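If you want the building blocks of each chain, they are given just below.
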Amino acid sequence: MARYITTTLPYVNADPHIGFAVELIQADILTRIWRQSGETVFFNTGTDEHGQKILQTSEKEGRDIHEYVDHFAAEFERLNGTLGISNSAFVRTTNPAHIEAAQEMWRRCHAKGDIYKKAYSGLYCVGCESFKTEKDIEDGRCMIHTHLELQEIVEENYFFRLSKYQDAILEYLDRPNVIVPEWRREEALNFVRGGLEDFSISRDVSKLTWGIPVPDDDTQVMYVWFDALTSYISTLGWPSDPAGNFETYWNEGKILQLAGKDQVRFQSVMWQAMLMSADIKNTDQVFYHGFINSGGQKMSKSLGNVISPYELVEKYGREVTRYLLLRHVHPVEDSDVTWERMDEWYTANLVNGLGNLVSRVMKLAETHLSEPVQLTPYDTRVEEPFIKLINVYEFQQAMDLVFDHITKGDEYMTTYEPYKKIKDPETEDDARTHITQLVRHIAKIAAHLESVMPETSTAILTAVRSNTKPENLFPRLPA
RNA sequence: AGCGGGGUAGAGGAGUGGUACCUCGGGAGGCUCAUAACCUCCAGACGCCGGUUCAAUUCCGGCCCCCGCAACCA
């Protein structure tokens, strides 16, 4: 079966966040597992590059806007390489093809009667150049620009008739697996039952200049939704579909989206309503992951507790970063990571665990076996329970399964003492049998790690096939 | 106000209607193939109060704390 998987598109206004790295890695592991089992997978990610905030930042830095977003897009694309992400496409919302798709999406919803213009009034802060809602206001003033009067501004914007889709969305959310975890589906249902209001989908061109023009109205520019969300299908070539990817992966394939837990109303409500309006098939499933905190607090620049994915890769390398973010970050709950704990996990599980086991086994094999152990198909087959756990996003449990085998290997070594038996001619053959078993055992472990740590997996299998003890797979951290 | 999540050994985390698991840390042994690694044993925990049940940490209700969200800010 064909499968489509996409991450959300990060807004390029800031450096890549560790939370997004988790999303990429989860998507990548799923993709690799599926590809291993012979499925064809289209794995999309990319960047969301429009918006006044981005334009302002570029101007503040005195940079050309195009050059500015190119820079950030390149930065995010580099992250994929850095993390070893096997994505099929990288969509940018500034791509001409995407811009056309967003406009076509708009036209279709408009033709359906789901887009209308209405006056919108709000308190506008000249300092922020944006409308303020109640919680941004203190003593009648914007909290950031307390010296400026807020202005009551009335402007016309386009709205999307979300309210019309209330029942249809409830029906959609009634399908058991459209949202994982299940309790977020309840959350979404509650939200929708509370009543859906139409939402504004454009801004006056005087307020928002860096965005996709609204078709047939040059006074208005699309505000985020039709722009960003449409990228999930524009990346497949929708609407013209020159390569047939939209047909294969969206219409005929199974559609999975990954997103952060705050995205429920956008991905599972607004976007789904937009798809309904445009008569396009809905997303089959959205998986919502949790957030990552550090030291019990949200990561923030002011607290100085931000851990960037690049720092992780710099310290531990790509493979270990993938391991850490997959095994020690809860799939759906919020998690807390600190450098101290990551060091601990690295040393305990990879240095002392996996790395050491491979060393001790391969040293014995290299010394006492005259030729490489012949691996059977069983030895390198990934077991069903592991695949099942990955498919239901139980990444930690899947990894626990693999790491149990590392402990088992160490126990086996202690129980049968091949290093001792090999010295006695009486038990020498016995010892060789045990060593062979151990070699096959680490090959099995390596096979299971292929999707998570592809290079490590290969290194172990290469060692096994050449019957040589490899260099230390995981160097000890400096004291 | 409301909605959602959580409170598990000294620390950080999994998990489950019936011997509660992992990592670090503490104590006592063992081993020497290995990256001063590995193995064994010991001490130590399910926020509080009710209910359902033969049996609850796990299900239900209440309470107390913590944390998010609260609509166009991951």
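Note that residues are indexed from 1 along each chain, following the sequence as it is written. The naming scheme follows written order: chains are lettered A onward, ligands numbered 1 onward. Since the coordinates come from a predicted model, pLDDT governs what is reported: local features require at least 70, and pairs of side-chain atoms require 80 or more to be given and counted, while whole-chain, interface and lining totals use all residues. Each side-chain value is worked out from all heavy atoms of the structure, with water and hydrogens disregarded.

1. Notes on the overall build of chain A
For clarity, the threshold we go by: Secondary structure elements follow DSSP: runs of H or I no shorter than four residues count as helices, runs of E no shorter than two count as strands, and numbering proceeds from the N terminus. Working definition: with a 1.4 Å probe on protein chains only, accessible area under 20% of the residue-type maximum means buried, over 50% means exposed, and in between means partly exposed. Only heavy atoms enter the contact rule, under which two residues are in contact if any of them lie within 4.5 Å. To measure how exposed things are, a 1.4 Å probe is used in the Shrake-Rupley method; for residues, cover is taken only from the protein chains shown. Positive charges come from Lys and Arg, negative ones from Asp and Glu, while His and the chain ends are left out of the count. Taken as the charge location is NZ of Lys, CZ of Arg, CG of Asp or CD of Glu.
A count of helices and strands for chain A gives 18 helices and 17 strands. With the C-alpha coordinates of chain A rotated into their principal frame, the extents come out at 95 × 50 × 40 Å. The proportion of buried residues among the 479 residues of chain A is 54%. Of all intrachain contacts in chain A linking residues separated by at least 6 positions in sequence, the fraction that spans at least 24 positions is 76%. Accessible surface, chain A: about 21500 Å² in total, of which carbon and sulfur atoms supply 49%. Taken together, the 49 basic and 72 acidic charged side chains of chain A have centroids lying 3 Å from each other.

2. What to know about the domain arrangement of chain A
Operational definition: Domain limits in this description derive from either an automatic procedure or a database domain assignment. Two parts placed together each lose some accessible area under a 1.4 Å probe, and adding up what both lose gives the buried area. A carboxyl oxygen of Asp or Glu within 4 Å of a side-chain nitrogen of Lys or Arg is what we treat as a salt bridge. Any pair of N or O atoms that falls within 3.5 Å is considered a polar contact. Within protein, one atom must be able to donate a hydrogen and the other to accept it, and sequence-neighbouring residues count only if both atoms are side-chain atoms. For this scheme, ten residues count as nonpolar: Ala, Val, Leu, Ile, Met, Phe, Trp, Tyr, Cys and Pro. Four count as charged, namely Asp, Glu, Lys and Arg, and the remainder, Gly too, count as polar.
Its domain assignment divides chain A into domain 1 (2–289) and domain 2 (338–466). For domain 1 and domain 2, the distance between their C-alpha centroids amounts to 43 Å. Taken together, both faces of the contact between domain 1 and domain 2 bury some 1100 Å²; the carbon and sulfur share is 70%. Per-residue buried area on domain 1 facing domain 2 is highest for I29, I33 and Q36; these three make up 46% of the total on that side. For the pair domain 1 and domain 2, the number of links is zero salt bridges. Counting across the interface, domain 1 meets domain 2 through two residue pairs in polar contact (both at pLDDT 80 or more). Among the secondary structure elements, those contributing two or more residues to the side of domain 1 that touches domain 2 are α1 (18–36) and β14 (285–289). Of the residues in the side of domain 1 that touches domain 2, the class split is seven nonpolar, three polar and two charged.

3. Focus on the pattern of salt bridges
Opposite charge on two side chains allows them to pair when their charged atoms are near. Evaluated as defined, the whole model comprises 26 salt bridges. The partner of D336 in a salt bridge is R341, with the nearest N and O atoms 3.4 Å apart. In this structure, E428 engages R432 in a salt bridge whose closest nitrogen and oxygen atoms are separated by 3.0 Å. Note that E428 and R432 are positioned in helix α17 (residues 428–448) at a spacing of four residues, about one turn of the helix. Under the relative-accessibility criterion, E428 is labelled partly exposed at 26%. The class for R432 is partly exposed, based on a relative accessible area of 28%. When salt bridges with common partners are traced through the structure, they connect D28, R32 and R322 into a single cluster.

4. Quick look at the sheet that holds strand β15 (residues 292–294)
Operational definition: Pairing between strands is defined by DSSP: at least two bridges between them are needed.
Spatially, β16-β15-β17 is the arrangement adopted by the three strands of the open sheet, whose pairing is mixed. Across the chains shown, the open sheet's two edge strands, defined by having one partner strand only, are β16 (297–298) and β17 (335–336). Pairing geometry for β15 and β16, over two bridges, is antiparallel. What sits directly across from N293, in β16, is K298.

5. Remarks on unusual backbone geometry
P181 follows V180 through a cis peptide bond whose omega is 0°. For the bond running from W238 to P239, omega is 5°, close enough to zero to count as cis.

6. Considering the side chain of T456
For T456, the location among the structural elements is in helix α18 (residues 454–466). Beyond its immediate stretch of four places on either side in the chain, T456 contacts E319, L354, L473 and F474.

7. Regarding the packing of helix α11 (residues 309–316) against helix α12 (residues 318–327)
The following threshold applies: Axes here mean lines fitted to C-alpha atoms, for a helix over just the part in contact, with angles spanning 0 to 180 degrees between N-to-C directions. Put simply, angles under 35 degrees are roughly parallel, angles over 145 are roughly antiparallel, angles from 65 to 115 are roughly perpendicular, and the rest are oblique. Crossing handedness: left-handed means the near helix sits turned counterclockwise from the far one by under a right angle, and right-handed means the same turn made clockwise.
At a minimum axis separation of 7 Å, α11 and α12 run at an interaxial angle of 120°. By the criterion of interaxial angle, the relationship of α11 to α12 is oblique. Seen from above, α11 lies across α12 with right-handed handedness. Mapping the contact onto sequence places L312, V313 and Y316 in α11 and R318, V320, T321, L324 and L325 in α12. When the residues that make up the contact of α11 with α12 are grouped by side-chain class, the tally is six nonpolar, one polar and one charged.

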